[in-house]
Amino acid sequence: MLDLNRLKALHAVAVYGSVAAAAEALMVTPSAISQQLAKLERETGAVLVERNGRGVKLTDAAGLLADHAEKILALVETAEADFEALRGAVVGRLVLAAFPTAARGIMPQALAMIKQQHPDLDVVMYEREPERQMREVTRGEIDLAVVQDWMNRPMAIPDGLSRAPLLDDIADVAVPAGHPLADKREVELADLPGEGWISGSSGTVCHDFLMFLLRSAEKEPKIVCMAEEYPTQLALVAAGHGCALIPRLGRGQLPEGVRAIPVVPRLQRRIYALWRTDAARRPAIRAAVDALMRAACAA
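Residues numbered from 1 in each chain as written. Predicted model: local features only at pLDDT ≥ 70, side-chain atom pairs only at ≥ 80, totals over all residues. Heavy atoms only, no water.

(A) Region of interest: the nonpolar core. Counting 32 residues, the largest nonpolar core has Ile 106, Leu 144, Val 146, Leu 166, Ile 271 and Leu 292 as the members making the most contacts within it. Of all the elements in the fold, those that place two or more residues in this core are strand S3 (92-98), helix H5 (100-105), helix H6 (107-117), strand S5 (144-150), strand S6 (161-176), strand S13 (267-276) and helix H10 (283-298). In terms of residues, this core owes the most to one element, H10, which gives 9 residues. (Core = buried A, V, L, I, M, F, W, Y, C linked by side-chain atoms within 4.5 Å. Buried < 20%, exposed > 50% of the residue type's maximum accessible area, 1.4 Å probe, protein only. Helix = DSSP H or I, 4+ residues; strand = E, 2+ residues; numbered from the N terminus.)

Here is the structure:
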């Protein structure tokens, strides 16, 4: 009889292309993946992996078995969801993920609600960037994701996923206290400075939105500092190194020497909960979405 954990390991190697990547996705060691594959070879009596330089590649037999494994694992997930729905109990294991500001601004409150109301539910939470979350929830590696999109980049939802809006997160322009705009109650796009911006890395959603925003105001932005975390960006603003576009969610108290100015029309990103449609029957999914909605309302 084929072992589900070994099939899961084989499927992960097929999806991610290497033992190391499969181990990261399943949150185990590469050695554990290799052991599972070796045991699966003994069970099936077939060679499943071959050495390929410093890595491995799957044989034709492994590819055939991995295709079946995908279907088997999907059926198991459906069966577990149906059984939980029949029982009506919020139990089992639930894996959540959120992008950094949601992990700071929503998740602590939501997790506390879940723990208080559903103590028999085993919850694990990871901080992930939205693009990675989308892949992982589609593949079933996480059960529920908190993702974002900005006004210029609506989120494309793959087939088989469902979502629920949590909140619209407004973003302000953060400037040093001595900046010419610091005393304004609000600014328009045309008022935004064209130089001296602090941003996330090139290619991230927030960086791309800043580029789009400034170019919409016919200003070619000059990025002087790059930092992924908003508290770091605010520290750089406070030190006078430039301006930044900072969402309000999870922002906390502004550092001394920083002014946050609303922009009109307002700038916002939309934040959603995202899960596999087939798993929606799980009471745990519904409980988590409810907790996230209540935490978002209080944020």
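(B) Representation of the side chain of Arg 128 in the model. Considering the arrangement of structural elements, one finds Arg 128 in the loop between strand S4 (121-127) and helix H7 (130-139). At 3.2 Å, the side chain of Arg 128 and the side chain of Glu 136 are in polar contact. In contact with Arg 128, other than residues within four places in its own chain, are Ala 97, Ala 98, Phe 99, Pro 100, Gln 133 and Glu 136. (Polar contact = N/O pair within 3.5 Å; in protein donor to acceptor, adjacent residues only side chain to side chain. Contact = heavy atoms within 4.5 Å.)

(C) Layout of the pattern of salt bridges. In total, this model carries 13 salt bridges according to the counting rule given. With a closest N to O distance of 2.9 Å, Glu 220 and Arg 215 form a salt bridge. Assessed through its relative accessible area of 55%, Glu 220 is described here as exposed. Here the residues in one salt-bridge network are Glu 24, Arg 128, Arg 132 and Glu 136, joined through shared partners. (Salt bridge = Lys/Arg side-chain N within 4 Å of Asp/Glu carboxyl O.)

(D) Local environment of the pairing of S13. The buried fraction of S13 is high, at 9 of 10 residues. In terms of strand pairing, S5 meets S13 through 7 bridges, oriented antiparallel. Following the sheet pairing, Val 147 is matched in S13 by Tyr 272. In this sheet, S13 lies alongside S6 in antiparallel orientation, the contact comprising 10 bridges. Bridge pairing in S13 links Ile 170 to Gln 268. (Pairing = 2+ DSSP bridges.)

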